[in-house]
Amino acid sequence: MCIRDRKGIPDKLDYIASLGANTIYMTPIFAAASNYKYDTGDYTQIDSAFGTNKNFRRLTTEAARRGIRVIVDASFNHTGRNSIYFDRYALYPGVGALEGGEVRRDSRYAEWYRLDPSQADPDERYAGWTGAKDLPELNEMSPSFRRFVFGAPASVTRQWLKPVSYTHLTLPTIYSV
């Protein structure tokens, strides 16, 4: 079935349930620059192409009422270079790990990435996930990154999982987190 946008899914839940479906699998939904959304820009916000955080809460609440689980693909082994955490192009307030191409050890996100300030080329100052420079690789062993993702009471996973027990995150590369 094709639904033109994710904002329209709640309107089709009765139909989906009538087909006997009990699960909706969604590719990444977090704010990102690309159309494929694996280059996460902000794990705390739904991408505007899919609506708002409130729209997503409506979807998961309405799906749960019908016995339908919502599974979201979440990638916690890289972000986009245009993320609030990395900020390669200095587009956001605050200090990103590679703010404007400069390694910023004073960034609260610096330990989240594998950075090499000795490189002259800003695009060589970080490791790209499987070599992809638009996806800066995260350091999954970073204690502050782990707290942000799943350790803290207000972690990203708890933000998305807590309100509705029928919401799940799938971690496609769990071996690295």
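In the block above lies the structure referred to throughout.
Note that residues are indexed from 1 along each chain, following the sequence as it is written. Given that this is a predicted model, residues contribute local features only at a pLDDT of at least 70 and side-chain atom pairs are listed and counted only at 80 or more, while totals for whole chains, interfaces and linings are drawn from all residues. For the side-chain quantities, the full set of heavy atoms in the structure was used; hydrogens and water were omitted.

Take the overall build of the protein chain next. For the protein chain, the count of helices and strands is four helices and seven strands. Its helices and strands taken in sequence order, the protein chain reads α-β-β-β-α-β-β-β-α-α-β from the N to the C terminus. Within the span of the protein chain, comprising 177 residues, buried residues form 44% of the whole. When checking whether two residues touch, look at their non-hydrogen atoms; a contact exists if any pair is within 4.5 Å. Put simply, 55% of the contacts in the protein chain that link residues at least 6 apart link residues at least 24 apart. The helix count covers DSSP runs of H or I at least four residues long, the strand count covers runs of E at least two residues long, and both are numbered beginning at the N terminus. Partly exposed residues are those whose accessible area sits between 20% and 50% of the maximum for their type, while under 20% is buried and over 50% is exposed, using a 1.4 Å probe and protein chains only.

Basic side-chain nitrogens of Lys or Arg form a salt bridge, by our definition, when they fall within 4 Å of a carboxyl oxygen of Asp or Glu. Throughout the structure, instances matching the rule amount to ten salt bridges. Salt-bridge contacts for Glu62 lead to Arg65; the nearest nitrogen and oxygen are separated by 2.4 Å. Of this pair, Glu62 and Arg65 both sit in helix H2 (residues 53-65), three residues apart, which is roughly one turn of that helix. In this structure Arg65 comes out as exposed when scored by relative accessible area, which is 60%. For Glu137, the salt bridge is made with Arg114, and the minimal N-O distance between the two is 3.2 Å. Residue Glu137 is located in the loop between strand S6 (132-136) and helix H3 (143-151), and its partner Arg114 is located in the loop between strand S4 (69-73) and strand S5 (128-129); the two are separated by 23 residues in the primary sequence. Here the salt bridges do not stand alone but share partners, grouping Asp14, Glu62, Arg65 and Arg66 into one network.

Glancing now at H2. Helical geometry: 3.6 residues make up each α-helical turn, so side chains three or four residues apart lie on a common side. For a helix, the expected span equals 1.5 Å multiplied by the number of residues minus one. Taking 1.5 Å as the rise per residue, H2 with 13 residues should run 18 Å; its terminal C-alpha atoms sit 18 Å apart, in good agreement. Those residues of H2 that sit buried are Phe56, Leu59, Thr60 and Ala63. One face of H2 carries all of its buried residues, which in axial projection span an arc of 90 degrees. Those residues of H2 that are exposed and angled more than 90 degrees off the buried face are Lys54 and Arg65. Of the residues one or two after H2, Gly67 is the one with positive phi, at around 75 degrees. Taking the helix axis as origin, the arc is that swept by the directions to the C-beta atoms.

Another aspect to go through is the environment of Glu111. Tracing the sequence through the fold places Glu111 in the loop between S4 and S5. Judged by its relative accessible area of 38%, Glu111 is partly exposed. Taking the C-alpha atoms as reference points, Glu111 and Met141, 30 residues apart in sequence, are found 9.2 Å from one another. Apart from the residues within four sequence positions on either side, Glu111 is in contact with Asn139, Ser142, Pro143 and Ser144.

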